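Next come the chains, spelled out residue by residue.
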Amino acid sequence: MLSAHASSAVKYYGAIGNGAVDDTAAIQAAVNNTAIDWLYFPPGSYRITSTITVSRTDGLRMSGIRGNTNLISDAGVLITMTISGSFNRLQSVNVINPGGAGSIAVNVTGGPNFITDIGVSSGVETGLSISGGETVVTDCWIRASATQILVQNCFSCTFVGNRYTTGTNIRFNNARAHTVVGVVTVIVLENNSNVAIIGGVNTLTVSDAASKYSLINNSFVDTHDTYRVDGVKVVGVQGAAVPDAAGGIMIDVEARAAINALLARLRASTGHGLIAT
């Protein structure tokens, strides 16, 4: 009998991990077992023939060995894994989807959830699709044929230190108060989206006048007004502004809220050494 807060491995439920045997039922049974909160995927290639759904709201941690643990879906499986619950974490696995129109490697519809140190194959149309608010994505290598990360109809997600390939790295669609930290090549804003970008972006496409952005310590150059937050340069299309407490200078309300939320989240991440408390 497994105790509360127990850990277990998918092979305990019958998963083989040889790339040939169908491991879908075994993985789904393991995910559904609320007696465990840490599910380990030993090195291997786990064949998936239908979408794995994680609907738990009590915080399941799913982890493997990056580079050696592969979740491989068959052709015709449009979505490899859907995380519809909350407080779940997927980390240190490779998700391989053969692709096709509408294909998604990891589909996050609930929140908050955490995606850390995963790799996504290049054949899939969308690597990571997020419609669940307050999702945190860190240290991932996302590859996809169309859009690496699609963020839509949600709010307050954070993206830190991820790696991308050519094409659209992150597309925000009706997505509000998000924060991106690190170097990103291509970002698209559309349909009334808002994002604060801390780091660098080479190409920023804004498809509608309602979408707003703020760039912090950024090499991107445009002709919009320049502002400062606590001495840090901010360039962007500014929405409604309020006086900045530090220097009486104006800054976008939603951008400030996104930055403050990020700082609070990083301060709360004890053990990561990301920012002093």
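Position numbers for residues count from 1 along each chain, tracking the sequence in the order it is written. Thresholds applied to this predicted model are a pLDDT of at least 70 for local features of residues and 80 or more for the giving and counting of side-chain atom pairs; totals over whole chains, interfaces and linings are not thresholded and use all residues. The side-chain figures draw on all heavy atoms in the structure; neither hydrogens nor water molecules are used.

As for the overall build of the protein chain
Inference 1: A run of DSSP states H or I qualifies as a helix once it reaches four residues; a run of E qualifies as a strand once it reaches two. Both are numbered from the N-terminal end. Looking only at helices and strands, one finds two helices and 27 strands in the protein chain.
Inference 2: Contact definition: two residues touch when any of their heavy atoms are within 4.5 Å. A fraction of 39% describes how many contacts in the protein chain between residues 6 or more apart in sequence connect residues 24 or more apart.

Regarding the pattern of salt bridges
Inference 1: Whenever a carboxyl oxygen of Asp or Glu lies within 4 Å of a side-chain nitrogen of Lys or Arg, that contact is scored as a salt bridge. Inspection of the entire model under this criterion finds four salt bridges.
Inference 2: Across the pair D117 and R66 runs a salt bridge, and its minimum N-O distance is 2.7 Å. Taken as a pair, D117 in the loop between β12 (114-116) and β13 (119-120) and R66 in the loop between β6 (61-63) and β7 (69-73) lie far apart in primary sequence, 51 residues in all.
Inference 3: Throughout, exposure labels follow a simple rule: accessible area from a 1.4 Å probe, protein chains only, divided by the maximum for the residue type, with under 20% read as buried, over 50% as exposed, and the rest as partly exposed. Given a relative accessible area of 24%, D117 falls into the partly exposed group.
Inference 4: R66 gets classed as partly exposed once you look at its relative accessible area, which sits at 29%.

Here's the deal with the pairing of strand β21 (residues 178-190)
Along any regular strand the residues' side chains alternate between the sheet's two faces.
Inference 1: We treat two strands as partners when DSSP finds at least two bridges between them. Where strand β18 (residues 158-160) and β21 come together, three bridges link them in parallel fashion. Note that in β21 the partner of V160 across the bridge is V181.
Inference 2: Here strand β20 (residues 168-173) runs beside β21; their pairing, made up of four bridges, is parallel. The partner of F172 across the bridge, within β21, is L189.

Digging into the packing of aromatic side chains
Inference 1: Working definition: a ring pair exists when centres of Phe, Tyr or Trp rings (six-membered ring for Trp) sit within 6.5 Å. Plane angles under 30 degrees give stacked, over 60 give edge-to-face, the rest tilted. Using the criterion set out here, one finds three aromatic pairs in the structure.
Inference 2: Taken together, a centroid distance of 6.1 Å and an interplanar angle of 75° make the contact between F159 and F172 edge-to-face. In this pair, F159 sits in strand β18 while F172 sits in strand β20, placing the two residues 13 residues apart along the sequence.
Inference 3: Given a relative accessible area of 0%, F172 falls into the buried group.
Inference 4: We call a charge positioned above a ring when the Lys NZ or Arg CZ atom is no farther than 6 Å from the ring centre and deviates by at most 35 degrees from the ring normal. One Lys or Arg, R143, reaches over the ring of W141 and ends 4.3 Å from the middle of that ring.

Overview of the sheet that holds strand β2 (residues 18-22)
Two orientations exist for strands paired in a sheet by backbone hydrogen bonds: parallel and antiparallel.
Inference 1: If you trace the seven strands from one edge of the open sheet to the other, you get β2-β4-β7-β10-β13-β16-β19, paired in parallel fashion. Pairing within the sheet leaves two strands with one partner each, and these edge strands are β2 and β19 (163-164).
Inference 2: Relative to strand β4 (residues 44-48), β2 runs parallel, the two being bridged by two bridges. Along β4, the bridge assignment pairs D22 with R47.

A word on the nonpolar core
Inference 1: We call a set of buried residues a nonpolar core when its members are Ala, Val, Leu, Ile, Met, Phe, Trp, Tyr or Cys and they connect through side-chain atoms within 4.5 Å of each other. In terms of nonpolar packing, the biggest core is built from 52 residues, with M62 and F172 touching the most fellow members.
Inference 2: In contact with M62, other than residues within four places in its own chain, are V31, L39, F41, V54, M81, I83, R89, L90 and Q91.

Quick notes on the environment of S122
Inference 1: Along the chain, S122 turns up in the loop between β13 and β14 (126-130).
Inference 2: On the basis of relative accessible area, S122 is assigned to the partly exposed category, the value being 48%.
Inference 3: With 22 residues separating them along the chain, S122 and A144 place their C-alpha atoms 4.3 Å apart.
Inference 4: Dropping the residues within four chain positions of it, S122 is found in contact with R143, A144 and S145.

Side note on the environment of Y164
Inference 1: Relative to the helices and strands, Y164 resides in strand β19.
Inference 2: Look at Y164 and you get buried, because its relative accessible area is 17%.
Inference 3: Sequence separation between Y164 and V183 is 19 residues; the distance between their C-alpha atoms is 9.2 Å.
Inference 4: Those residues in contact with Y164, other than ones at most four positions away along the chain, are W141, I142, Q148, I149, N169, I170, V183 and V184.

Focus on the pairing of strand β11 (residues 104-108)
Inference 1: Taking burial as the measure, the five residues of β11 include five buried ones, the bulk of the element.
Inference 2: The pairing of β11 with β14 spans four bridges and is parallel. Residue pairing for β14: V108 is matched across the bridge by I130.

Looking at helix α1 (residues 24-32)
Inference 1: Taken together, the buried positions of α1 are occupied by T24, A26, I27, Q28, A30 and V31.
Inference 2: Buried positions along α1 lie against β2, β3 (36-40), β4, β5 (52-54) and β6.

Some thoughts on unusual backbone geometry
Note: most peptide bonds trans; most residues except glycine with negative phi.
Inference 1: Cis geometry marks the peptide bond from G111 to P112, where omega comes out at 0°.
Inference 2: Among the secondary structure elements, P112 is positioned in the loop between β11 and β12.
Inference 3: One non-glycine residue, A177, adopts positive backbone phi at about 60°.
Inference 4: As for its placement among the helices and strands, A177 is situated in the loop between β20 and β21.
Inference 5: Residue A177 is classed as partly exposed on the basis of its relative accessible area of 21%.
Inference 6: Here the phi dihedral of N192 falls at roughly 65°; this positive angle occurs in a residue that is not glycine.
Inference 7: One can find N192 in the loop between β21 and β22 (194-206).

These values are about where atoms sit, not about what they do.
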